[in-house]
Protein chains: 2
Amino acid sequence: MAEEFVKEITPRAEDYSQWYVDCVLKAELADYAPVRGCMVIRPYGFAVWEKIQAILDRRFKETGHENAYFPLFIPRGFLERESEHVEGFAPELAWVTRGGGEELAEPLAVRPTSETMICSMYAKWIHSYRDLPVLINQWCNVVRWEKATRPFLRTTEFLWQEGHTAHAREEEAREEALRMLEIYRDFLEEDLGIPVIAGEKTPSEKFAGAAHSYSVEALMGDGRALQAGTSHDLGQNFSRPFDISFLDRDGQLKHVWQSSWGVSTRLIGALIMVHGDDRGLVLPPRIAPVPAVLVPIAPERAREAVLGRARQLAAALEGVHLDDRDEYTPGWKYNDWEMRGVPLRIELGPRDLEQGKAVLVRRDTGEKVPVDQEALPRAMAQMSSAVQAGIKERARNFLQERTWPVDNLDQLRFRLEERRGMFIAGWCGDDACEAAVKEATGATARNIPFAPAARSAACVVCGKAAAHTVYYARAY
Amino acid sequence: MAEEFVKEITPRAEDYSQWYVDCVLKAELADYAPVRGCMVIRPYGFAVWEKIQAILDRRFKETGHENAYFPLFIPRGFLERESEHVEGFAPELAWVTRGGGEELAEPLAVRPTSETMICSMYAKWIHSYRDLPVLINQWCNVVRWEKATRPFLRTTEFLWQEGHTAHAREEEAREEALRMLEIYRDFLEEDLGIPVIAGEKTPSEKFAGAAHSYSVEALMGDGRALQAGTSHDLGQNFSRPFDISFLDRDGQLKHVWQSSWGVSTRLIGALIMVHGDDRGLVLPPRIAPVPAVLVPIAPERAREAVLGRARQLAAALEGVHLDDRDEYTPGWKYNDWEMRGVPLRIELGPRDLEQGKAVLVRRDTGEKVPVDQEALPRAMAQMSSAVQAGIKERARNFLQERTWPVDNLDQLRFRLEERRGMFIAGWCGDDACEAAVKEATGATARNIPFAPAARSAACVVCGKAAAHTVYYARAY
């Protein structure tokens, strides 16, 4: 029974994409919804999202941000005010055309992002330098009509947070955008154990309407990159068309400078693909909804003794879920909780009971350690830290092993055919050269890293002097 | 300057409706959005909602519920499966008819509530009695195309939570519906200080698709009732058309029994109207985003001494916001924070400084108490409890004073013309008599209370023996 169970997850080497979907569905993170491209986030997946929200929300508030809520619907005219913005989003919009039994005079877009709606309010609220900065964040759902969808990574509707700030000075907006990117980087690396490359997007890859876009890019287990978070310096691109102006100290009326930044439920997809293995998920202890599971091994003769002690331990230990279901064998339960990525397992059998011990098992390495029952709290805290550090270390090594500097397009193409990963290459700064890389290899410019692992002297396409070093990768 | 400021809020006696809107806008709880019937919940209003969410979410989890997230869009066919449900909601639906540049084959409704979507998933997830009960809650936005809208009370889009549960037995679903209603009642009374009447809705007022609906009804400051929360025993009304069935212990395939329940951002409207006065909001300490404000009175000669001590106190005292803005007078600040409903104010002037004292002021009664600075934590905790208890007591008295038993329709009409409130009346059980009350007085049956303040022998309309005692009121 136990073996059959494990067989249900497709091995990564056989079909990575199917392995991913198996993890999502069998661990009950999410399910396909009966609406095109939509998913249902099931309780276990939503509990991961709640953990992510709690940590980020605290960090946003510590840096002076407040939450608010803006409408789901955006009048067509709003989207059209910033020309790049509407061009970028028009193909992905869902439109409400009827309401309350009548055709609407002006169709309403279901928000794909809220810059325009929020700017229309900021224009009303901001009058003086005293009203600045405005530092607002919103947790909400957004809709983008995507052609190809995949749970968590790309869905018609998804959950995210979008921060929107307004400042008196250009450099303050830039600093804010970079400050929030740094919060994302730190959160991804320290809490999710996902190493990332932080940098600036190339002009052709930046957010529709931004002056500068920044991103943190992660590498998935199959060598494809994933944009895990973005932050935008919007300049005055929105404050001009929406006329968000303030009377400055010097008596002059000026337009504000803005930033926006966001991460989404896509992070859960990254968690699966960065840490998961052929047994299923491996969740970082800091965001695991179930930090540890206690599985009693209770043959009939020792049933009451083992279960009784298991209940005592589970009640006394923080964050321990007791799996006392009697319809499954211990082996089945091990597999089940491993698949769900629970970082620690405590096994308690009749012999452990006699010796006053329990067996502590690490999800990431499978390491088993017999521990005195009274030493469990300390041993669990240590092992938990070891898992958090261990999976980050492994992911960092993987990223390093899969990052290669390349000198020319043939080399990039050849390497990429062999193995996917991150490619460090020089770029002259010409959009055409960037497009040529994509055309030839399917790899896109992920970003211009703040701290590249290597520097390139010449453009990988035209061979002219490199103005920038770029990370290229095939991406989700 | 200070006086002018207070004048901005219309007195309740002059125009209650304008007073309400003034409170919403001037206290910056919300603002009108540039989309028909929608509002923007501003940071101060959203902070109140976050407090409400935190308390309720904890209570839901303590009673075994988990959060999840279901899609915003509902296919037309789903809504049509339960005939009463679609009839009830059809007039209020917003429809997405275009997405990704194409007309949709089947229009998608923006969820007005999620019973149908969630049932379609439960049909997939529930197979055995072992899968039951399913206890899921969702925090989300919903859309109802309302004709007349008012911030928080009735808006095209609003935020709420909707619990959806499935059970093996009829009585379990009923018990769940009543358990959640009791959580709402307790939360409203103890945390929000809003006394309510808990009872069952009459058949004509029940939720479209429910077997039984229950509600908690509150009385606003103008004598109109507000349905503050509802809970529904859905019977098998949804499980049959959606075929949510399970194999029971006895080997029989059976349909599940369900409940659903919800409260919304409307609660913020109730808070304003139950506790507010002509100076603005009065927030219960348990959900006030700013529990106390410290206003330094710092004339030029004592400026640094007063501000220095104020900063020390604000840093040392929990939940105290220091208002050290130098562009406003202390009097202006008093009015500003009173309008925002901050429960406690600490005043600190040069003379207080000399005496080692501060003045503590209650928002609800205006009572001022000089307190030794070192005794502030204890005095604040006591005064905070006194405010929480005091506003509840006042609201309870108001509800009692404004609740009258009536014997016949003329009496009800006469009383209602004189003064709005709750009317306790007998009802024979005939829909026609209930409709006659509405026709004659504009009052609707709020509910059949579990514990009426009085019992009625005869139907207020036809004079036949009363099968039930009903609370009638004009309602929001």
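Cut-offs used in this document
Residues numbered from 1 in each chain as written. Chains lettered and ligands numbered in written order. Predicted model: local features only at pLDDT ≥ 70, side-chain atom pairs only at ≥ 80, totals over all residues. Heavy atoms only, no water. Pairing = 2+ DSSP bridges. Helix = DSSP H or I, 4+ residues; strand = E, 2+ residues; numbered from the N terminus. Contact = heavy atoms within 4.5 Å. Axes fitted to C-alpha atoms, helices over the stretch in contact; angles between N-to-C directions. Domains from an automatic or database assignment. Buried area = accessible area lost by both parts, 1.4 Å probe. Salt bridge = Lys/Arg side-chain N within 4 Å of Asp/Glu carboxyl O. Polar contact = N/O pair within 3.5 Å; in protein donor to acceptor, adjacent residues only side chain to side chain.

What follows covers the pairing of strand β9 (residues 197-200) of chain A. Taken together, the four bridges between β9(A) and strand β10 (residues 212-219) of chain A define a ladder with antiparallel strand orientation. Bridged to E200(A) within β10(A) is Y214(A).

Once that is clear, we can look at the sheet that holds strand β11 (residues 225-235) of chain A. Residue and element names in this part refer to chain A. Judged by pairing direction, the sheet is mixed, and its eleven strands sit side by side in the order β3-β7-β8-β14-β11-β10-β9-β22-β23-β21-β20 without closing on themselves. Sheet topology places β3 (66-67) and β20 (403-405) at the edges, where each strand pairs with a single neighbour. Relative to strand β8 (residues 157-167), strand β7 (residues 134-143) is paired through ten bridges, and the arrangement is antiparallel. Considered in β8, the bridge of N137 is made with G163. In the packing of helix α8 (residues 266-275) onto the sheet, contacts are made with β10, β11 and β14 (257-264), and the angle to β11 comes to roughly 145°. Sheet strands in contact with helix α14 (residues 431-441) are β21 (422-427), β22 (444-449) and β23 (468-473), and its direction is about 150° off that of β21.

Right, let's get into the domain arrangement of chain A. Reports often express the size of an interface as the amount of accessible area lost when the parts come together. Residue and element names in this part refer to chain A. Domain boundaries in chain A define domain 1 (11-275), domain 2 (290-383) and domain 3 (403-473). The distance between the C-alpha centroids of domain 1 and domain 2 comes to 40 Å. Listed by partner, the interface residues are four residues for domain 1 and four residues for domain 2. At the boundary of domain 1 with domain 2, total buried surface from both sides reaches about 400 Å², with 54% on carbon and sulfur atoms. Of all residues in domain 1, K26, A27 and Y44 give up the largest surface area on contact with domain 2, accounting jointly for 86% of the area buried on that side. Between the two partners, domain 1 and domain 2, sit one salt bridge. Its salt-bridge partner being R340, residue E28 comes within 3.8 Å of it at the nearest N-O pair. The tally of links between domain 1 and domain 2 comes to one residue pair in polar contact (both at pLDDT 80 or more).

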